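The residues making up each chain are set out below.
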Amino acid sequence: MPAGPVHLAYGVLLAVMSYPQNPEYGGIIVYGSLAPDFATAAYHDRYSDLRYVDYRWAHDPTHVYDYASVIVERTVSRTLQGVDGKVALWCAETGIASHLLLDLYTHVRTSPIKEWRERAGIKTVLRDFYYPWQENAVEFARWALGRAIRVFGSPDEFWRYVDEACAVAEQLMGDYVISAYLRRLSERYFGNPDLRLADWLRWFYRKYGWEENATDAFIIDDVRIPADPVELLSWVSQWDPSVTPERPPQSGGGGSWLLPVFPIPTIRRH
């Protein structure tokens, strides 16, 4: 399965493609792109009524809408002020979908991904996508960085956005998840527990550079990993019809979010 830095590269790309002028909403996408791997720490360990939101549940592609709703209700609405609920839900869905697409084509033995891969008849298993220094992970990160930099026209503008979006994602993580996830993986992959999310991407950039002519999709072994968030949502909607593939919604704006601005659905338990 891809490591956090690989998921982060894809999450940041989708954030840039979706809300290049709004790193706050981009940060929600970045958070969602990592969230399935720390679902247990974020929800199962903290909320007695959400004990079903664990690693396994969060990696079920039929739960994308429900999981995104939990993220919006329990994390986004309690952390960020003035956020539009519809936009936040779309961002969380997009981030989660990005995580599951990579996992479905790279996991082999982890449940429930293994069972869903078998049901869908997915035979391709992408190799060398785990450690940030493996060949396919490096090429994927170069593509993601290059396609995102194209949006801004220069690396400097891109990095300003990355710093802000990643700071929002870390704010959503909170101290417990940062300790259980970010610091642990920073130590594991880079030998420094004090690295932040943006530092993960800078490591790729400084060591391997970026693809200047990055296309709109990364294609490997006939697997298409799109830069277009609508294409990604169309893919995940095959698993979870509650997800609606649509262009990034625009914020209605205004207001402090003390309570969710839309009804949270009844969670479907499988």
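All values reported here derive from a predicted model rather than from experimental measurement.

> Which residues make up the packing of aromatic side chains, and what values go with them?
Within a pair of aromatic rings, the relevant descriptors are the distance that separates the centres and the angle that separates the planes. This structure, assessed with the given rule, holds 29 aromatic pairs. Between the aromatic rings of Y10 and F140, the centroid separation amounts to 5.7 Å while the plane-to-plane angle is 75°, which identifies the pairing as edge-to-face. Of the two residues, Y10 sits in helix α1 (residues 4-18) while F140 sits in helix α8 (residues 135-152), which places them 130 residues apart along the sequence. With relative accessibility at 0%, the residue Y10 sits in the buried group. Ring geometry for W203 against Y208: centres 5.7 Å apart, planes inclined by 75°, an arrangement best described as edge-to-face. A residue is classified by how much of its surface remains accessible, and Y208, at 25% relative accessible area, is partly exposed. By way of ring pairs, the aromatic residues Y31, F38, Y130, Y131, W133, Y181, Y189, F190, W200, W203, F204 and Y208 are connected into one cluster. Over the ring of Y47 we find R74, and its NZ or CZ is 5.0 Å from the ring centre. Here R119 stacks its cationic end above the ring of W116, 4.5 Å away from the centre of that ring.

> Talk me through the pairing of strand β2 (residues 223-226); I want residue IDs and the actual numbers.
The pairing of strand β1 (residues 217-220) with β2 spans 4 bridges and is classified as antiparallel. The partner of I220 across the bridge, within β2, is V223. As consecutive antiparallel partners, β1 and β2 are separated by 2 residues, and within that stretch D221 has a phi angle of approximately 50°, a positive value.

> Quick rundown of helix α11 (residues 229-237)? Include the residues and the values.
Given 3.6 residues per helical turn, the α-helix brings residues three or four places apart onto the same face. In terms of residue burial, α11 counts as a mostly covered element, since 7 of its 9 residues are buried. Residues of α11 that are buried include every one of P229, V230, L232, L233, W235, V236 and S237, and no others. As for α11, its buried residues are in contact with α1, α5 (64-79), α6 (85-104) and β2.

> Go over the pattern of salt bridges with me, naming the residues and quoting the values.
Under the definition given, this model contains 10 salt bridges. Between R74 and E73 there is a salt bridge, with its nearest N and O atoms 3.7 Å apart. Of the charged contacts, one joins D194 and R183 as a salt bridge, the two residues approaching to 2.8 Å between their closest N and O atoms. Of the two residues, D194 is situated in the loop between α9 (155-190) and α10 (197-208) and R183 in helix α9; the sequence distance between them amounts to 11 residues. The class of R183 is partly exposed, set by a relative accessible area of 36%. One salt-bridge network, held together by shared partners, links D49, E73 and R74.

> Go over helix α7 (residues 113-120) with me, naming the residues and quoting the values.
Those residues of α7 lying buried are I113, W116 and R117. The buried residues of α7 all sit within an arc of 105° when viewed along its axis, so they share a single face. Exposed residues lying more than 90 degrees from the buried face of α7 are E118 and R119. Where α7 is buried, its residues contact α6. Note on α7: the residue one or two positions beyond its end, G121, has a positive phi of about 70°.

Conventions used here
- Every chain begins its residue count from 1, and numbering advances along the sequence as written.
- The predicted nature of this model means local features are confined to residues of pLDDT at least 70 and side-chain atom pairs, given and counted, to a pLDDT of 80 or more, with totals for whole chains, interfaces and linings taken over all residues.
- As a rule here, side-chain values come from all non-hydrogen atoms in the structure, and water together with hydrogens is ignored.
- Here is the rule: rings of Phe, Tyr and Trp (six-membered ring for Trp) pair when centre to centre is within 6.5 Å. Planes less than 30 degrees apart are stacked, more than 60 are edge-to-face, and the remainder are tilted.
- Only DSSP runs of H or I with at least four residues qualify as helices, and only runs of E with at least two residues qualify as strands; both kinds are numbered from the N terminus onward.
- Exposure classes here rest on a 1.4 Å probe applied to the protein chains alone. A residue is buried below 20% of its type maximum, exposed above 50%, and partly exposed in between.
- Geometrically, a lysine NZ or arginine CZ counts as sitting over a ring once it is within 6 Å of the ring centre and also within 35 degrees of the ring normal.
- By the convention used here, strands pair only if DSSP detects at least 2 bridges between them.
- Should any heavy atoms of two residues lie within 4.5 Å, those residues are considered in contact.
- Salt bridges are defined as contacts in which a side-chain nitrogen from Lys or Arg sits within 4 Å of a carboxyl oxygen from Asp or Glu.
- It is the directions from the helix axis to the C-beta atoms whose arc is reported.

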